[in-house]
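# Descriptive structure summary
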Amino acid sequence: MSRKYANTELGQIHYQDLGHGEPIVLLHQTASSSVMYERSFPYLTESNRIIAIDTPGFGMSDSPPDSTQIIEFYSNAVSLVLDDAGIEKAHVVGFHTGATTAIDFSTRFKKRIKSLTIFCVLALTADEQEEWLQRDDLSERWHPDGEGLFIEKNILDYVAWFATANDGETYLREIIAKLQAGPNYWWAYEGVIRYDHYNKYQEIECPTLVLNAENEVLYDYTLRTHEAIPNSLYKVIPCPPADTRGWTAVVAEYPEDFAEAIQDFMQTVTESI
């Protein structure tokens, strides 16, 4: 494994670069980092080069200056990392917030993408956007205090969504990632909610796989995404039970299923060329 930093006009962007072969860019959920994909690396790197990016403001990447056009900021960062890695075109995979970033990248940097895999997508209509913006779990903000009380109140239960019971390794990775994200993590959530997914879907030109997860909290939204993207392929893989501890830990719990879905799709793309 090689950890690298791209020194860009957007600040330093950290990414993991490993393996050889067709390049795959991995974009993570909020509030995590490239660590969410680490259990899939042994499967994906058998025949691929993996570029797993810490989105600006997460992991070990510098933060954006503000939340203005945050999704576009993230997709610009993807392009700059590809420059740093010497990659002209790549297959791009995104989960949750990473999926929205991947969609934006696919429509703004069309010459740089070979295929698009969007995994568990929160795509909302205008009415749904306003409802989501009022949700208590999204409108609540936290700030660190000098006694660590915020950790128990705002961090511990939240991170339980990202790791199933007794999976201490994933829990440790994700709690570190959450703390690295800091109190501005909500910028990413608001950017996803406000993003105009359905109009953007009509601009996607590359081969697209919509990857869903059984019983995942965004299952219905992801199915709607598949129905809205012309000629997209669709596949469902296993997932921890919805609304229980670790319900977003799909890759950590099912890394082989995730990797197999990505590689099978890439094979169909290669065969169609």
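See above for the structure.
## Structural notes on the pattern of salt bridges
By the definition in use, this model includes 14 salt bridges. In this structure, D17 engages K4 in a salt bridge whose closest nitrogen and oxygen atoms are separated by 2.9 Å. Taken together, the residues span a long stretch of sequence, with D17 in strand 2 (residues 11–19) and K4 in strand 1 (residues 2–8) at a distance of 13 residues. Residue classification places D17 among the buried residues on the basis of a relative accessible area of 8%. One salt-bridge network, in which partners are shared between bridges, spans R3, E38, R39, D167, E169 and R173.

## Examining the sheet that holds strand 3 (residues 22–27)
Read from one edge to the other, the open sheet built from eight strands follows the order 1-2-4-3-5-6-7-8, with strand pairing classed as mixed. In this open sheet, the two edge strands, each paired with only one partner strand, are strand 1 and strand 8 (233–237). In this sheet, adjacent strand axes meet at a mean angle of 25 degrees when their direction is disregarded. As judged from the five bridges shared by strand 7 (residues 208–213) and strand 8, these two strands associate in the parallel manner.

## Overview of the nonpolar core
The biggest cluster of nonpolar side chains holds 61 residues, and the ones touching the most others in it are V25, I51, I53, I118, L122, W132 and Y185. The element best represented in this core is helix 2 (residues 70–85), accounting for ten residues. Those residues in contact with I118 that lie beyond four places of it in its chain are G94, A99, A102, I103, L209, V210, L211, T225 and I229.

Cut-offs used in this document
Residues numbered from 1 in each chain as written. Predicted model: local features only at pLDDT ≥ 70, side-chain atom pairs only at ≥ 80, totals over all residues. Heavy atoms only, no water. Salt bridge = Lys/Arg side-chain N within 4 Å of Asp/Glu carboxyl O. Helix = DSSP H or I, 4+ residues; strand = E, 2+ residues; numbered from the N terminus. Buried < 20%, exposed > 50% of the residue type's maximum accessible area, 1.4 Å probe, protein only. Pairing = 2+ DSSP bridges. Axes fitted to C-alpha atoms, helices over the stretch in contact; angles between N-to-C directions. Core = buried A, V, L, I, M, F, W, Y, C linked by side-chain atoms within 4.5 Å. Contact = heavy atoms within 4.5 Å.

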